[in-house]
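Residues per chain, in single letters:
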Amino acid sequence: MTSPGTSPVTNPATSGTTTSDVTWRQANARRLARQALDDPSPAAPSGLTPSAVAGAMLGAHAQVLSAAELSLALRMGAGATRADVRRALWEEGTLVKTYGPRGTVHLLSAADMQLWTGALSAVPSGPPPWPEDVRMGPERTDEVVAAIADALADEALTTDELTEAIVARTGPWAGERVMEAFQDKWPRWRQATHTAAHRGVLAFGPNRGRKVTYTNPRVTPLPGPDALGRLVVRYLRAYGPATPQNFAKWLAAPKEWATGLFASLAGAARIEEVRFEGGPAWVAAGDAAFPDAPARGVRLLPYFDAYTIASQPRDRLFAGAARDRALAGGQAGNYPVVLVDGTVAGVWHQRRSGRRITVTVEPIGPALATRRAREELATQAERVGAILEGRTELVVGPVAVGPHA
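Engineer: Hey, could you go over the sheet that holds strand 10 (residues 211-215) for me, with residue numbers and the actual values?
Structural biologist: Reading across from one edge, 6-10-9 is the order of the three strands in this open sheet, with antiparallel pairing throughout. Strands at the two margins of the open sheet, each flanked by one partner only, are strand 6 (157-158) and strand 9 (203-208). Two elements, strand 9 and strand 10, share four bridges in a ladder whose sense is antiparallel. Following the sheet pairing, R208 is matched in strand 10 by K211.

Printed below as a string of structure tokens:
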């Protein structure tokens, strides 16, 4: 097993130039390479497992699980399908579905769970969003987390089953339906789900029909300061150069806190400053080599792909008309996007009917107009169909579907 906080992807020294003045083109090419997105040919196997890919991209957003499956399999190369991801998640246990960065559901590498739980437990949070008469204080939160750990020790439970088990271990107050949620009310204990996940005692199990289940992954978090330092280094290797503000946005953490964290790591010589797009930014110490060749190729990325979410500055990734068409109120990820040579040049949507998958691509600007780009687009559409275990029909035209909520 990979040691906590160590990237499961072997990262040889980047072939290119070691520099303290990094361009967008250089940063973009390195980010794509480090996420196995630099070779658009589906015939080129990356040799990466789902767990290794999840480690390299620092988690696959899984609020839409099918999108996470596609994110991972696209980076695994020839022959990989959603079945490989599902097997890693539900049978092998090398992936974990849990609450990751920004408090959203992610598929994370099981080898990284000590790192993630330690780091996320140490990120400062704002005041609770619930009214005073609804919220639980620290003592009751600890009581609920202990009850969750005990209830899930031997079996996966649905939400209703877990509610009963928590109430039996704590008291009726934990099951009171007082939390406003999606035109319904949730039991009080559910405000501790993220805390329980970040302490390593709660993750998602396989659905039981249409019902969500939870399980106990039995993870012992790393100490917070150590975990945070390792996470910053991993983040900078994947998405650097980056600023503390970029890191804070990616993690949904306070900007001032992130600034202090980066300063402490710089003082410990774990990160180093470079110039990026005319301003100061950071890379991991000793990791200032960037490729000379620009990014090339066409890629179809699904909803909330990690590359789309984390790459900054966003106005370079979503340049020109892409900013208005492919971002939803400035938020990345709400549309599946087409990358051409590393920048957004279209949006796309898939519709499935049996084994037939219609992939509709709406170009933005002229980048998809060349013969080379159209040929690669067709190849990528076929790859999407193969990953989803279906047959693809490619349509180039307007995408009528709005942004994902």
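Engineer: So, the environment of E91: which residues are in play, and what are the values?
Structural biologist: Mapped onto the secondary structure, E91 falls in helix 4 (residues 82-92). A relative accessible area of 65% places E91 in the exposed class.

Engineer: Any details on the pairing of strand 17 (residues 356-363)? Residues and values, ideally.
Structural biologist: Burial analysis of strand 17 places six of its eight residues in the buried class, the great majority of the element. In the sheet, strand 16 (residues 343-353) pairs with strand 17 via eight bridges, with the strands oriented antiparallel. Bridging across to strand 17, R351 finds its partner in T358. Both strand 17 and strand 18 (residues 391-396) contribute to a ladder of six bridges, which runs parallel. Directly across from T360, in strand 18, lies its bridge partner V395. Viewed along the sheet, the connection from strand 17 through helix 15 (residues 371-387) into strand 18 turns out right-handed.

Engineer: So what's going on with the pattern of salt bridges? Which residues, and what values?
Structural biologist: Scanning the model with the defined rule gives 25 salt bridges in all. We note a salt bridge from R296 to D341, for which the minimum N-O separation is 4.0 Å. Linking R296 in the loop between strand 13 (289-290) and strand 14 (298-301) with D341 in the loop between strand 15 (337-340) and strand 16, this pair joins segments that are 45 residues apart in sequence. For D341, a relative accessible area of 23% gives the class partly exposed. Put simply, E393 and R356 hold a salt bridge, and the shortest N to O gap is 2.6 Å.

Engineer: Describe unusual backbone geometry, and please don't skip the residues or the numbers.
Structural biologist: With an omega of 0 degrees, the peptide bond running from G240 to P241 counts as cis. Of note, P241 is situated in the loop between helix 9 (224-239) and helix 10 (244-251). A cis amide bond links Q312 to the next residue, P313, at an omega of 0 degrees. Within the secondary structure, P313 sits in the loop between helix 12 (306-310) and helix 13 (314-317). In the Ramachandran plot, D341 falls in the positive-phi region, its phi being about 50 degrees despite a non-glycine side chain.

Engineer: Residues and numbers for the environment of A295, please.
Structural biologist: Considering the arrangement of structural elements, one finds A295 in the loop between strand 13 and strand 14. A relative accessible area of 10% places A295 in the buried class. The sequence separation of A295 and Q26 amounts to 269 residues, and the corresponding C-alpha distance is 8.3 Å. In contact with A295, other than residues within four places in its own chain, are N28, A29, L32, D341 and G342.

Rules of the game
Residues numbered from 1 in each chain as written. Predicted model: local features only at pLDDT ≥ 70, side-chain atom pairs only at ≥ 80, totals over all residues. Heavy atoms only, no water. Pairing = 2+ DSSP bridges. Helix = DSSP H or I, 4+ residues; strand = E, 2+ residues; numbered from the N terminus. Buried < 20%, exposed > 50% of the residue type's maximum accessible area, 1.4 Å probe, protein only. Right-handed = clockwise from strand over helix to strand, strands pointing away. Salt bridge = Lys/Arg side-chain N within 4 Å of Asp/Glu carboxyl O. Contact = heavy atoms within 4.5 Å.

In short, geometric facts, not functional conclusions.
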